[in-house]
Amino acid sequence: MNHTAVLPILASLIATFMTCLVIVLTQKWHGRLSFDHDLNGVQKIHDTPVPRIGGVGVVVGLILAGLFSYHIGGETYDTAAKLLLCGVPAFAAGLIEDFTKKVGVRPRLFASFISAALAYWLLGAKLTNLDTPGLNFLMQFSLVSFFFTCFAVGGLTNAINIIDGLNGLASGSVAIMLGGLAAIAWAQGDILVVKLCLWGMAAAVGFLVVNYPFGRIFLGDGGAYLAGFWLAECAVMLLQRNPHVSTWAVLLAVIYPAWETVFSMYRRQFKHKTQTGAPDSAHLHHVLLELTEKGHHRTSYGWRNHAIVSAFIWLCVLAAQFGAKLATNSVILGMLTIALFAGGYVMLYQAARSRSEFEDRGDDGTLAVTSRRMY
């Protein structure tokens, strides 16, 4: 990489920031369509309408990065253009939901599968080796590889939407995870993947500056799905282009949203007997936020509560990146570290949930009902 490679990164950062800033400053003109007016939903934790179309800023940033790359030359432009084209179904489904509030979870998930299928076809972004006995044999069949890749990419895309619940949480986590993938790609000499990761990272940070900690704008479903798709495809291309990189190391780099999704499905399906895809307010960030509320006045310091919880989870995500880097070529170390993360997550979740419920108990031992809605 040379100094000209920095220009697309700066373009992505500045364009995303400026677009998000303009959206915030002009919200009185488009708020009727762009505001998140549903303040009583089960996952809602804010009390004032906020524009939820931050994804527009992200896509503008990535487009500008591609245009700058085209101007200076190089193969990254072509790959990025195809990747953005592939991401259109996922982004469009999410953005339509942001404006209309009428696109369900299943159509959005299906749109992410379509995006993954397009990337499989246009970019050859496919998973063919999972570093797991038995599964490796099955992945040699094109049909199995196709469906598994679509499932993995679509799942991770949707997972970013699941963790998009606090100011800065999703965008900050995506930036950190892309940074981890970039570090692995850099060690392999894969400059193409490094650039794609850094472009996505810059767009996430550009949005983050406006979103964190005060929550002046939200990613929305469009932004979350686009960020998740970009992250997932960078991970797939890293594995596809560098066969010596452990699949488990790359999984570790994105383990937070992936495990949040798996654990949430288990919690809903087996513990609470509810629909797997139903929204709820019992994710790890909700539980930690509720616990943090105990020590601060909810309305006066709502933004601070968001900032504390998001920053704490960022540190956990960052720790996973160091583990992923160490396990780059080690299947065993990757598996062990993933198990450690998953076990630590469950212990933290249970401890926070127990502590929160303990503090809610009155003198009669019954649980009081608390609100998670915040500014």
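Preceding this section is the structure that the text describes.
Residues numbered from 1 in each chain as written. Predicted model: local features only at pLDDT ≥ 70, side-chain atom pairs only at ≥ 80, totals over all residues. Heavy atoms only, no water.

(A) A look at the overall build of the protein. Counting secondary structure elements, the protein contains 16 helices and 0 strands. The long-range fraction of contacts in the protein, counting pairs at least 24 apart against all pairs at least 6 apart in sequence, stands at 77%. Per element, the accessible surface of the protein, about 16800 Å² overall, is 68% carbon and sulfur. (Helix = DSSP H or I, 4+ residues; strand = E, 2+ residues; numbered from the N terminus. Contact = heavy atoms within 4.5 Å. Areas by Shrake-Rupley, 256 points an atom, 1.4 Å probe, with all protein chains shown as cover.)

(B) Local environment of the pattern of salt bridges. Summed over all chains, the structure comprises 5 salt bridges. Put simply, aspartate 98 and arginine 52 hold a salt bridge, and the shortest N to O gap is 3.0 Å. With aspartate 98 in helix H5 (residues 88–100) and arginine 52 in the loop between helix H2 (27–34) and helix H3 (54–72), the pair connects residues that are 46 residues apart, well separated along the chain. A salt bridge links arginine 52 to aspartate 221; the shortest N-O distance between them is 2.8 Å. A residue pair is termed long-range when its members are at least 10 positions apart, and arginine 52 in the loop between H2 and H3 and aspartate 221 in helix H11 (residues 220–241) qualify at 169 residues. Grouping residues by exposure puts arginine 52 and aspartate 221 together as buried. Salt bridges here are not isolated pairs; linked through shared partners, they connect Arg52, Asp98, Arg108 and Asp221. (Salt bridge = Lys/Arg side-chain N within 4 Å of Asp/Glu carboxyl O. Buried < 20%, exposed > 50% of the residue type's maximum accessible area, 1.4 Å probe, protein only.)

(C) Up close: the packing of aromatic side chains. Under the counting rule described, the total for this entry stands at 11 aromatic pairs. With 5.3 Å between their ring centres and 75° between their planes, phenylalanine 146 and phenylalanine 147 make a pair best called edge-to-face. In this structure phenylalanine 146 comes out as partly exposed when scored by relative accessible area, which is 24%. By relative accessible area, which is 53% here, phenylalanine 147 ends up exposed. Ring geometry for phenylalanine 263 and tyrosine 349: centres 5.1 Å apart, planes at 65°, overall edge-to-face. One end of the pair, phenylalanine 263, is in helix H13 (residues 255–271); the other, tyrosine 349, is in helix H16 (residues 331–360), and 86 residues separate them in sequence. For the pair phenylalanine 263 and tyrosine 349, a shared accessibility class is recorded, and that class is buried. Chaining the aromatic ring pairs together yields one cluster made of Phe263, Tyr266, Tyr345 and Tyr349. (Phe/Tyr/Trp six-rings, centres within 6.5 Å; stacked < 30°, edge-to-face > 60°.)

(D) Broad picture of a nonpolar patch on the surface. A cluster of nonpolar side chains, Val6, Leu7, Leu10, Ile14, Met18, Phe68 and Ile72, forms an exposed patch at the surface whose accessible area comes to about 550 Å². Among the secondary structure elements, those contributing two or more residues to the nonpolar patch are helix H1 (6–25) and H3. Ranked by the residues each element gives to the nonpolar patch, the list is headed by H1, at 5 residues. As for its position among the elements, leucine 10 is in helix H1. Residue leucine 10 is classed as partly exposed on the basis of its relative accessible area of 39%. (Patch = residues over 30% accessible without salt bridge, like charges linked within 9 Å, V, L, I, M, F, W, Y side chains within 5 Å.)

(E) Quick peek at the state of the cysteines. By the definition in use, this model includes 0 disulfides. Free cysteine: cysteine 234, not disulfide-bonded; nearest cysteine sulfur from cysteine 197 at 3.9 Å. Taking relative accessible area as the criterion, cysteine 234 reaches 0% and is therefore assigned buried. (Disulfide = S-S within 2.5 Å.)

(F) Inspection of the nonpolar core at higher detail. Counting residues in hydrophobic clusters, the biggest one holds 88 residues, and the most contacted among them are Leu62, Ile160, Leu181, Leu196, Trp230 and Leu231. Broken down by element, this core gets its largest block of residues, 13 residues, from H11. Residues contacting leucine 62, with those up to four places away along its chain left out, are Ser12, Leu84, Trp199, Gly200, Ala203, Leu226 and Trp230. (Core = buried A, V, L, I, M, F, W, Y, C linked by side-chain atoms within 4.5 Å.)

(G) Helix H4 (residues 76–86), seen in detail. Restricting attention to buried positions, one finds in H4 the residues Thr76, Thr79, Ala80, Leu83, Leu84 and Cys86. On an axial view of H4, the arc spanned by its buried residues comes to 160°, and they lie on one face. Turning to H4, the residues buried within the fold contact H3, H5, helix H6 (105–122), helix H10 (191–211) and H11. (Arc of directions from axis to C-beta.)

(H) Just the packing of H1 against H10, in detail. Following both chains from N to C, one finds H1 and H10 inclined at 30°, their axes separated by 8 Å at the closest point. On the basis of the axis angle, H1 is roughly parallel to H10. Considering only the axes of H1 and H10, their crossing is right-handed. Of the residues in H10, those in contact with Pro8, Ile9, Ser12, Leu13, Thr16, Phe17, Cys20, Leu21 and Val24 of H1 are Leu198, Trp199, Ala202, Ala203, Val205, Gly206, Phe207, Val209 and Val210. Here the residues of the contact of H1 with H10 are counted per class, giving 15 nonpolar, 3 polar and no charged. (Axes fitted to C-alpha atoms, helices over the stretch in contact; angles between N-to-C directions. Parallel < 35°, antiparallel > 145°, perpendicular 65-115°, else oblique. Left-handed = near helix turned anticlockwise from the far one by under 90°. Nonpolar A, V, L, I, M, F, W, Y, C, P; charged D, E, K, R; others polar.)

(I) Seen up close, the packing of H4 against H6. Between H4 and H6, whose axes approach to 8 Å, the crossing angle comes to 150°. With respect to H6, the element H4 is oriented roughly antiparallel. Regarding H4 and H6, the two cross each other, and that crossing is right-handed. For the pair H4 and H6, contact is made by Lys82, Leu85 and Cys86 and by Ser115, Leu118, Ala119 and Leu122, respectively. Each residue belonging to the contact of H4 with H6 can be placed in one class, and the counts come to 5 nonpolar, 1 polar and 1 charged.

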